[in-house]
Amino acid sequence: MEFLRRLGATARSIPAVAINVLLPPQCLGCARMVDKPGALCAECWERVDFLGAPLCARCGYPFEFDHGEDAICGDCIRRPPAYERARAVMRYDEASRDLILGFKHADRTYAAPAFAGWMARAGAALLAGADIIAPVPLHRLRLLSRRYNQAALLGHGLSRASGVAIVPDLLVRRKHTRSQGRLSRAQRALNVQGAFAVKAGRKGCLTGRRVLLIDDVLTTGATATACAKVLKRAGAGAVDLLTLARVVRPMV
């Protein structure tokens, strides 16, 4: 029986080996050959600024010095976010931008499992307390043109990695808003005002639950704030936020 089990395991591994021989895994950043799918080469890895402690206990803003694990940044003191905690894998900068834009706009959906694995590690504490995973939705017109929701792909990967249930249609985007890319903080907040809603029939699964909201990039927090407020009004007990990257601006 042991011989048969090993033989079966070997047979199952043959397709993966054959694929790696014909199509060697490539670096997610520069397309150089790497040892396994979903990896970065050493040079690209060094360029990415992965975020970790010390950081703000609320929004995850990285601190230059360790102020203690419960320290809150000045921005969160002045303007407490609608979500309880936010964490991100990496700083959004020149090194990470191509990774994210390629995933978001250039059909590089094969990167989703690797990115979700990174997010699972960066957001382990958030996943440990989460009851539901909910991706930030796209408007149906944008989804039609893009063909996939990058936040939903990340959410499904996180659900598989953690065992936390995902409700991919918990939120709906009812307004086709313009891109947030070149807007100020105030403009972003106004742009997404009234843009989100909890899908009809989904409120029952929210009552008292802790929701982990998933998006690709945290910039000013306008989108996450709008979603968190909608979720809380619908009965969610708490909302946390986990993103692949975040913009890190100097504190003022």
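Residues numbered from 1 in each chain as written. Predicted model: local features only at pLDDT ≥ 70, side-chain atom pairs only at ≥ 80, totals over all residues. Heavy atoms only, no water.

Observations regarding the packing of aromatic side chains
Step number 1: Tallying each qualifying case throughout the model produces five aromatic pairs.
Step number 2: Centroid distance Phe50 to Trp118: 5.6 Å. Interplanar angle 85°. Geometry classified as edge-to-face. Residue Phe50 is located in the loop between helix H2 (42-47) and helix H3 (74-78), and its partner Trp118 is located in helix H5 (residues 112-122); the two are separated by 68 residues in the primary sequence.
Step number 3: For Phe50, a relative accessible area of 28% puts it in the partly exposed group.
Step number 4: Judged by relative accessible area, which is 8%, Trp118 ranks as buried. (Phe/Tyr/Trp six-rings, centres within 6.5 Å; stacked < 30°, edge-to-face > 60°. Helix = DSSP H or I, 4+ residues; strand = E, 2+ residues; numbered from the N terminus. Buried < 20%, exposed > 50% of the residue type's maximum accessible area, 1.4 Å probe, protein only.)

Re the confidence of the model for the protein
Atom-level detail of predicted coordinates should not be read off regions where pLDDT is low.
Step number 1: Mean pLDDT for the protein: 87, with 89% of residues reaching 70 or above.
Step number 2: Low confidence marks residues 1-22, where pLDDT is under 50. Its contacts with residues over four positions away, or in another chain, come to three contacts. (pLDDT = per-residue confidence, 0-100. Contact = heavy atoms within 4.5 Å.)

Looking at the layout of surface pockets
Step number 1: A volume near 920 Å³ is recorded for the largest pocket.
Step number 2: Lining the largest pocket are 39 residues, and of these Arg185, Thr220, Gly221, Ala222 and Thr225 sit closest to its centre.
Step number 3: Elements that contribute at least two residues to the lining of the largest pocket include exactly H3, helix H9 (185-191), strand E4 (196-198) and helix H10 (222-233).
Step number 4: At six residues, H10 tops the list of elements feeding residues into the lining of the largest pocket.
Step number 5: Within the lining of the largest pocket, the residues separate by chemical class into 23 nonpolar, six polar and 10 charged.
Step number 6: Considering only enclosed or pocket space, the second largest pocket measures out at about 670 Å³ in volume.
Step number 7: Around the second largest pocket, the lining comprises 33 residues; the ones closest to its centre are Lys104, Gln180, Arg188, Asp216 and Val217.
Step number 8: Residue composition of the lining of the second largest pocket, grouped by class: 13 nonpolar, 12 polar and eight charged. (1 Å grid on protein atoms, 1.4 Å probe; cavity = no way out; pocket = protein on both sides within 12 Å on 5 of 7 lines; lining within 4 Å. Points joined across faces, edges and corners; volume = space filled by probe spheres on them. Nonpolar A, V, L, I, M, F, W, Y, C, P; charged D, E, K, R; others polar.)

Details of the sheet that holds strand E1 (residues 85-91)
Step number 1: If you trace the four strands from one edge of the open sheet to the other, you get E1-E6-E5-E2, paired in parallel fashion. With partners counted over all chains shown, the strands left at the sheet margins are E1 and strand E2 (132-135), one partner each. The mean angle between the axes of side-by-side strands here comes to 20°, regardless of whether they run parallel or antiparallel.
Step number 2: As paired elements, E1 and strand E6 (residues 238-246) share six bridges and run parallel to each other. (Pairing = 2+ DSSP bridges. Axes fitted to C-alpha atoms, helices over the stretch in contact; angles between N-to-C directions.)

Overview of the environment of Tyr92
Step number 1: Here Tyr92 is to be found in the loop between E1 and helix H4 (94-105).
Step number 2: On the basis of relative accessible area, Tyr92 is assigned to the partly exposed category, the value being 23%.
Step number 3: Placed 152 residues apart in sequence, Tyr92 and Leu244 show a C-alpha to C-alpha distance of 8.8 Å.
Step number 4: Setting aside residues up to four positions removed in sequence, Tyr92 forms contacts with Arg97, Ile100, Leu101, Val217, Ala245, Arg246 and Val247.

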